[in-house]
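Examining the three-dimensional arrangement
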Amino acid sequence: MHNEVTVLLPCLNEKRTIRTCIDKAFKFFEDYDVDGEVLVADNGSSDGSIAIVKESHARLVNVSQRGYGAAIMGGIENASGKYIIMCDCDDSYDMDNMMPFLEKLREGNDLVIGNRYLGGFEKGATSFSHYWGVKGLTWIANIVHGTRLGDYHCGLRGFNREKFLELDLQSSGMEFASEIIIMAHKGKLSICEIPTRLYRDGRDGGSHLNVMRDGIGHLKLIFSLI
């Protein structure tokens, strides 16, 4: 590994927010004297996002297989950091508050997950269906798999790269967010949570999330991994 930390940004048509997220990641490295890289895993953007990344100091990897999980796995495989902090690049997460994630990783935790229900939601940051849908899926996953977590689907999380490559994760879609936790728990990796505030995102085209379709996908995965 060449860096301590890779900040991984999965990207699909995020021209309004990708540069802001890249700049915040580099500021994090500068403010806390962290040896790191910013890696953008692009999943087929056609809106000019790629050109923006190339104009920055971030590294770009193109992931041809479509899907949120596929983009993240493509990024993980190409990352140079011992630790990876992944963050949705819609500018909805508090990237100024990444140091607690790194501190927990340095302490030996293998997976550090943001908990938005502890950190709070800016008004308008989430829909009623998404707020309670995540609550419900988290509750089900905790019962089925014996975990004790408050937010299975937070888009800001950190993990030990080497440990997670050993988990052989398979999900290419949004359900990857659940799989990474369930498989880490099955693998007896250490998991903790960090209060994380969610803000209204900066997109103009709406979320990539389909509440019904992706909710069913998470539910199927939760029971398929019993």
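Structure shown above.
The structure contained in this document is the topic of the report that follows. The shown structure was predicted, so the numbers you read here are calculated from the model rather than taken from an experiment. (Residues numbered from 1 in each chain as written. Predicted model: local features only at pLDDT ≥ 70, side-chain atom pairs only at ≥ 80, totals over all residues. Heavy atoms only, no water.)

Side note on the environment of Ile 84
Note the threshold: Going along the chain from the N terminus, every DSSP run of H or I of four or more residues is numbered as a helix, and every run of E of two or more is numbered as a strand. Only protein chains enter the accessibility calculation, which uses a 1.4 Å probe; a residue whose area is less than 20% of its type maximum is buried, one above 50% is exposed, and one in between is partly exposed.
Among the structural elements, Ile 84 can be located in strand S4 (residues 81-87). Judged by relative accessible area, Ile 84 falls into the buried class, the value being 0%. For the pair Ile 84 and Ile 18, spaced 66 residues apart in sequence, the C-alpha separation works out to 18 Å.

What to know about the sheet that holds S4
To be explicit about the condition: Strand pairing is defined by DSSP finding a minimum of two bridges between the two strands. For helices, the fitted axis covers only the stretch in contact; all axes are lines through C-alpha atoms, and the angles between them, taken along N-to-C directions, range from 0 to 180 degrees. By definition, residues are in contact when any of their heavy atoms lie within 4.5 Å.
One open sheet accounts for 7 strands, arranged S3-S2-S1-S4-S6-S5-S7; its pairing is mixed. Strands at the two margins of the open sheet, each flanked by one partner only, are strand S3 (59-62) and strand S7 (191-195). Pairwise comparison of adjacent strand axes, ignoring direction, gives a mean angle of 25° for this sheet. Packing against the sheet, helix H3 (residues 68-78) makes contact with strand S1 (3-11), strand S2 (36-42), S3, S4 and strand S6 (156-160), and its axis sits at approximately 155° to S1.

What to know about the pairing of S1
In terms of burial, S1 is largely enclosed, as 8 of its 9 residues are buried. In terms of strand pairing, S1 meets S4 through 5 bridges, oriented parallel. Of the residues in S4, the one forming a bridge with Thr 6 is Ile 84. Of the pairings in the sheet, the one linking S1 to S2 comprises 7 bridges and is parallel in character. Bridging across to S2, Val 7 finds its partner in Val 38.

Brief notes about the packing of aromatic side chains
Just so we agree on the cut-off: For this analysis, a ring pair means two rings from Phe, Tyr or Trp (six-membered ring only for Trp) whose centres lie within 6.5 Å, classed as stacked if their planes differ by under 30 degrees, edge-to-face if by over 60, and tilted for the remaining angles.
All told, the structure shown has 8 aromatic pairs when counted by the stated rule. With 5.7 Å between their ring centres and 45° between their planes, Phe 28 and Phe 29 make a pair best called tilted. Like Phe 29, Phe 28 is buried. Summarising the aromatic geometry, the rings of Tyr 117 and Tyr 131 are spaced 5.0 Å apart at their centres and angled 70° between planes, so their arrangement reads as edge-to-face. Linking Tyr 117 in helix H5 (residues 116-119) with Tyr 131 in helix H6 (residues 128-145), this pair joins segments that are 14 residues apart in sequence.

Observations concerning unusual backbone geometry
Here Asp 33, not a glycine, exhibits a phi torsion of approximately 50°, which is positive. Inspection of the secondary structure assignment puts Asp 33 in the loop between helix H1 (18-31) and S2. Phi at Lys 188 is positive, roughly 60°, even though this residue is not glycine. Checked against the element boundaries, Lys 188 lands in the loop between helix H8 (176-186) and S7.

Remarks on helix H4 (residues 99-106)
To keep things clear, this is the line we draw: This arc corresponds to the set of directions leading from the helix axis out to the C-beta atoms.
When we look at burial in H4, the residues that qualify are Met 99, Phe 101, Leu 102 and Leu 105. The buried residues of H4 occupy one face: seen down the axis, they fall within an arc of 155°. Each element contacted by the buried residues of H4 is listed here: S1, H1, S4, strand S5 (111-115), S6 and S7. Backbone geometry just after H4 places Gly 108 at a positive phi near 115°.

Digging into the state of the cysteines
Using the following cut-off: Note on terminology: pairs of cysteine sulfur atoms within 2.5 Å are recorded as disulfides.
A complete count under the given rule lists 0 disulfides for this structure. Of the cysteine sulfurs around Cys 21, a residue in no disulfide, the closest is that of Cys 89, at 5.6 Å. No disulfide involves Cys 89; its sulfur sits 4.4 Å from that of Cys 11, the nearest cysteine.

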